[in-house]
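Okay, here's what each chain looks like letter by letter:
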Amino acid sequence: MQVLALLLLLSAFLLMRANRLASAVHILLVQSAIVAAVCVMEGTASIHMLVAAILTIVIKVGIIPYALLRVVKLLRHEREVNPILGPNASSLVAAATIVLAYALIDRTLPAVLGWETLAVSLSLVLIGLLLITTRHQAIMQIVGLITMENGLYLIGLSTTHGLPLIIELGIFFDVLVAVSVLVILTYRLKKSFQSTDTSILKKLKG
Amino acid sequence: MEFSLLYGLMLLLFATGLLITPFLGEKLKVANVFAHGIAILGSLAAVLCASFVFVNGAQAMKLPFQLTYMAFSVRVDTLSAYFLGIIGLVAAAASMYAIAYGKEYFKQRFILMAELYLAFILSMLLVVTVNHVFMFLVVWEVMSVTSFLLVGQENSQASTKAAYLYLVMTHVGTAFIMTAFLLLANSSGSMEFTALRVLGANEWTRNIVFLCSFIGFGMKAGIIPLHVWLPKAHPAAPTHVSALMSGVMLKTAIYGMARFYLEFLGIGPAWWGGMILLFAAISAVLGVLYAVVEHDIKSLLAYSSVENIGLILLGVGAGMVFMSSGLPVLAGLAWAAAFFHVFNHAVFKALLFFGAGAVVHATHTRDMEHHGGLIKVMPYTSVFFLIGSAAIAALPPFNGFVSEWLLFQSLFALPMALGGIGGKLVGAILISLLGLTGALAAACFVKAYGIMFLAKSRSALTEKAVEVPGLMLVPMGFMALLCLVLGVTAPKIMVLLHQVLVAFFPEGAIDGFASPQWFILGTAAQASGGLSLPVLGLVFVAGIIMAIIFYLYKGAGKTHVGETWTCGIIPNARMEYTATGFSGPIRRAFGKILRPRTMTVINANTSPYSGRRIVYEVHISHVVDELVYQPLNRYIVRLSQFMKEIQTGSVQLYIGYIMAVTVAVLIWSTRW
């Protein structure tokens, strides 16, 4: 369990350092696979959790990375050239974020079973947000969004040991729709502006 | 006959129209007849529903499909039925008119217009019949949005601007209405109209509900100072829609107020009624003043709607004052006067809009300065417009006279309820203001009729005018007939209004008001010797007969046909009285309020001896615009300048805000 949590944190760190789009998507793929593994471990092989894990694998390890990689192939010359926070600064901030998350969870829910998973998932959420706020590339922001979503999913998992299946289905569907819309938007962005740098969206402002 | 069958028939008709019309896309003529024909039938079904309720008492039903939190239940009591009947009657006439008038829009998204028109009528019919807060708000919004789109139908810059102004204002109004309803629902624990009460709630809640509902519905009704959208939006819409908006849509706001003040809120403190009286008086006087100086015929009618809403609200306000001072008979009378005027205004304002639309249809201009002499080419239209003008100027034997008469009667009794020297003074001032309004309204419509139809043609546009087709004349004729019928059968209408109001007062408390004594000149003691309306009507008829007898006795006399003597010059259109000239004395007399700015441009290049070209313009300044809306506008612009600093347009920064808040909340939640 702790190994998986550490792997998750590692994946988040790597994401903060990645500047090639394809590698970021690959890291995300691995991260989602770890989430699925956590799902199986936590659920101790109940049918419900198995279904959730399978859904995670199909959607977050299968469809979403596939769709993202397809777009990335089109964006051959795109990479995160000049992020708001560089790789080293990002790593430092990410480390600070993890400390903050652990401290917060330690203060509020010290004795809860699986508080470690909770802390890790909170740091995932915050790092996802950080990723969105400090990167210019649309793909990187989508990756940040999925990271956040993974973190939120883990929070749900570790506090409730599985939400009702219908709600989980809803969440998965939500993510799927969101990502397909975002991929389409990225594609349009490339078409209209020859670039997927979101800072050019400032031009839309009147 | 089941009520649900009739109501279902109405819904079914409109649903058929809405579903099938889009498929007639290519055959515009068929679509025109089909959509508007369905609208006529549906509106008549609504009238049937209303009469069914008046015969058999209040009806309630639930539709078979129900959603949680969105119970579609219908309750038609006599109050709903009264408004339902008015909407149905006017909408049926307007739809018939639209068959002929709609042809002008064949090239301008016609199918869309017909669809919106159907949805607009249906939403108005639903507004007055649904029995559930949520459903009410939904259909209210549908009504606002469809009318917004119809205002923007002509797609000109002016109409688009008017439409957006309307959209903003009406949504602000809806926000207030929503607040009022939710506060009510909260304190009564139910969303059904039948259960909404705040009698048990504290004073504060009741006062806030009152204020919110007054502002919200007042926005829709167009009381001054919330009226700014009305004179812009109503003229911009196609004429049959303008007729419905002015004649009927404004009345849904009166319906909302009646529901709140008669049923939900119960008897309130006297200042509620007083406040309504204040704004009603302002709306009536200012509305008619702006109408007089207007020379765009449809804007003139729109301002006159503001005035008439003021008159209706004078009745409502007086009714509320009487209710809070425990005079139910007088309260009933005032409310009845208001409701009667609702009906009357719907009829004659629709008639006048139809007439104005016919003139616009024939001349293609709304500017009265270009009309003139139309009585010769459009005889039927001019007669119907004259009847409408007489009715709105409150001349007997037409309907406007009766309701304004009743309004006077109830205001005369207002000092009784107010008490104290101040109250008596206020009562007297209100009566004189009502008198002033009536006189100005008469001047306004003398001007409208005289400039448009009499004298000689003022421009080439009117010379080519011909009478409009029969399909436009029939609804006008019907409305004109209704003006007369409502005026002559007033006591019958009073019985009807008694039925409307009786449920909202204690048993037997208002039985007195439907008696004929209110139609009699003088006090009740002289009742046997007074003048009643039928007698007035008889005098009128007798006068006509006398005139005919004189005519037959004396013969036609000698007739010389020739030009008017103008000292040897052949009179031309530029010597005629203009609309601006006609309203000149009024503009000067009320100069303090209207503050006209005149601008004279003289072309100095021409010689003063051979005649100079002079352009003369008058602009009226609108007090409310200058005192309220322009400062508000400036303030909002300044505020948005400030907001611009935060809104850089960078996605990262926006999400950064979210992140900052998230982290702050997380930290705060651990109470460090």
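In this text, all values refer to a predicted model and were calculated from it rather than measured experimentally.

Caption draft 1: Highlighting the overall build of chain A. In terms of regular secondary structure, chain A is built from seven helices and zero strands. Going from N to C terminus, chain A has its helices and strands arranged as α-α-α-α-α-α-α. Over its C-alpha atoms chain A spans a radius of gyration of 17 Å, differing by no more than 12% from the 17 Å that the globule rule assigns to 206 residues. Each of the three principal axes of chain A carries a C-alpha extent, and together these read 50 × 35 × 30 Å. Counting across all 206 residues of chain A, residues that qualify as buried make up 49%. For chain A, the exposed surface amounts to about 9800 Å²; the carbon and sulfur share of it is 71%. Taking the average location of the 15 positive side-chain charges in chain A and that of its 9 negative ones, the two points are 16 Å from each other.

Caption draft 2: Quick peek at the interface of chain B and chain A. Between chain B and chain A, the residue contacts involve 18 residues of the former and 20 residues of the latter. When chain B packs against chain A, the two sides together hide about 1600 Å² of surface, and 77% of this comes from carbon and sulfur. At the boundary of chain B and chain A, one finds zero salt bridges. At the surface where chain B touches chain A, the tally comes to one residue pair in polar contact (both at pLDDT 80 or more). In the side of chain B that touches chain A, the residues fall into seven nonpolar, nine polar and two charged.

Caption draft 3: Layout of helix α7 (residues 165-193) of chain A. Taking 1.5 Å per residue, 29 residues should reach 42 Å; α7 of chain A reaches 41 Å between its end C-alpha atoms and fits that length. Taken residue by residue, α7 of chain A has Glu168, Phe172, Val175, Val179, Val183, Thr186 and Leu189 of chain A as its buried positions.

Caption draft 4: Just the environment of glutamate 467 of chain B, in detail. Residue and element names in this part refer to chain B. By secondary structure assignment, the location of glutamate 467 is in the loop between α18 (460-463) and α19 (470-488). Judged by relative accessible area, which is 22%, glutamate 467 ranks as partly exposed. Sequence separation between glutamate 467 and serine 382 is 85 residues; the distance between their C-alpha atoms is 9.8 Å. Ignoring any residue separated from it by four or fewer positions in sequence, one finds glutamate 467 in contact with Val377, Met378, Pro379, Tyr380, Thr381 and Leu473.

Caption draft 5: How the structure looks around the nonpolar core. Residues and elements named next belong to chain B. In terms of nonpolar packing, the biggest core is built from 224 residues, with Phe136, Phe181, Leu244, Phe260, Tyr261, Trp335 and Phe339 touching the most fellow members. No other element matches helix α12 (residues 328-363), which puts 24 residues into this core. For this core, the domains that each give at least three residues are domain 1 (1-206 + 225-253) and domain 2 (573-619). Contacts of leucine 244, omitting those with residues within four sequence positions, involve Val90, Ala91, Ala94, Tyr117, Phe120, Ile121, Met124 and Met249.

Caption draft 6: Structural context of the domain arrangement of chain B. Taken as a whole, chain B is organised into domain 1 (1-206 + 225-253), domain 2 (573-619) and domain 3 (629-669). A straight line from the C-alpha centre of domain 1 of chain B to that of domain 3 of chain B covers 38 Å.

Caption draft 7: Inspection of empty space enclosed by the protein at higher detail. All names here are of chain B. One pass over the full model with this rule turns up one cavity of 30 Å³ or more. As a volume, the largest cavity reaches approximately 50 Å³. Taken together, Tyr261, Gly266, Ile267, Gly268, Pro269, Trp272, Gly273, Met320 and Met323 form the lining of the largest cavity. Mapped onto the lining of the largest cavity, the elements with two or more residues apiece are α10 (270-293) and α11 (297-324). A class-by-class count of the residues in the lining of the largest cavity yields six nonpolar, three polar and no charged.

Caption draft 8: Spatial organisation of a nonpolar patch on the surface. All names here are of chain B. Side chains of Leu632, Tyr635, Ile636, Leu639, Phe642, Met643, Ile646, Leu653, Tyr654, Tyr657 and Ile658 sit close together on the surface and give an oily, nonpolar patch of about 1000 Å² of accessible area. Those elements that provide at least two residues to the nonpolar patch are α25 (623-646) and α26 (651-669). With seven residues, the top contributor of residues to the nonpolar patch is α25. As for its placement among the helices and strands, leucine 653 is situated in helix α26. Judged by relative accessible area, leucine 653 falls into the partly exposed class, the value being 34%.

Caption draft 9: Layout of the packing of aromatic side chains. Taken as a whole and judged by the stated rule, the model has 39 aromatic pairs over all chains. A centroid spacing of 5.7 Å and a plane angle of 50° characterise the contact between phenylalanine 136 of chain B and phenylalanine 193 of chain B, whose relative ring orientation is tilted. Here phenylalanine 136 of chain B is found in helix α5 (residues 133-151), whereas its partner phenylalanine 193 of chain B is found in the loop between α6 (157-188) and α7 (203-221), with 57 residues between them in sequence. The exposure class of phenylalanine 193 of chain B is buried, given its relative accessible area of 1%. Ring centres 5.3 Å apart and planes at 50° place the aromatic pair phenylalanine 210 of chain B and tyrosine 261 of chain B in the tilted group. A residue pair is termed long-range when its members are at least 10 positions apart, and phenylalanine 210 of chain B in helix α7 and tyrosine 261 of chain B in helix α9 (residues 239-264) qualify at 51 residues. Tyrosine 261 of chain B matches phenylalanine 210 of chain B in its accessibility class, with the two residues each being buried. Put simply, the rings of Phe136, Trp140, Phe181, Phe193, Phe217, Phe260 and Phe264 of chain B pair up and form one aromatic cluster. Over the aromatic face of tyrosine 153 of chain A sits the side chain of lysine 60 of chain A, whose NZ or CZ is 5.0 Å from the ring centroid. The positively charged end of lysine 220 of chain B is found above the aromatic ring belonging to tryptophan 140 of chain B, 5.6 Å away from the centroid.

The rules behind these values
- Residues numbered from 1 in each chain as written.
- Chains lettered and ligands numbered in written order.
- Predicted model: local features only at pLDDT ≥ 70, side-chain atom pairs only at ≥ 80, totals over all residues.
- Heavy atoms only, no water.
- Helix = DSSP H or I, 4+ residues; strand = E, 2+ residues; numbered from the N terminus.
- Rg over C-alpha atoms; globule rule 2.2 N^0.38 Å.
- Buried < 20%, exposed > 50% of the residue type's maximum accessible area, 1.4 Å probe, protein only.
- Areas by Shrake-Rupley, 256 points an atom, 1.4 Å probe, with all protein chains shown as cover.
- Lys, Arg positive; Asp, Glu negative; His and termini not counted.
- Charge placed at Lys NZ, Arg CZ, Asp CG, Glu CD.
- Contact = heavy atoms within 4.5 Å.
- Buried area = accessible area lost by both parts, 1.4 Å probe.
- Salt bridge = Lys/Arg side-chain N within 4 Å of Asp/Glu carboxyl O.
- Polar contact = N/O pair within 3.5 Å; in protein donor to acceptor, adjacent residues only side chain to side chain.
- Nonpolar A, V, L, I, M, F, W, Y, C, P; charged D, E, K, R; others polar.
- Expected span 1.5 Å × (residues − 1).
- Core = buried A, V, L, I, M, F, W, Y, C linked by side-chain atoms within 4.5 Å.
- Domains from an automatic or database assignment.
- 1 Å grid on protein atoms, 1.4 Å probe; cavity = no way out; pocket = protein on both sides within 12 Å on 5 of 7 lines; lining within 4 Å.
- Points joined across faces, edges and corners; volume = space filled by probe spheres on them.
- Patch = residues over 30% accessible without salt bridge, like charges linked within 9 Å, V, L, I, M, F, W, Y side chains within 5 Å.
- Phe/Tyr/Trp six-rings, centres within 6.5 Å; stacked < 30°, edge-to-face > 60°.
- Lys NZ or Arg CZ within 6 Å of the ring centre and 35° of its normal.

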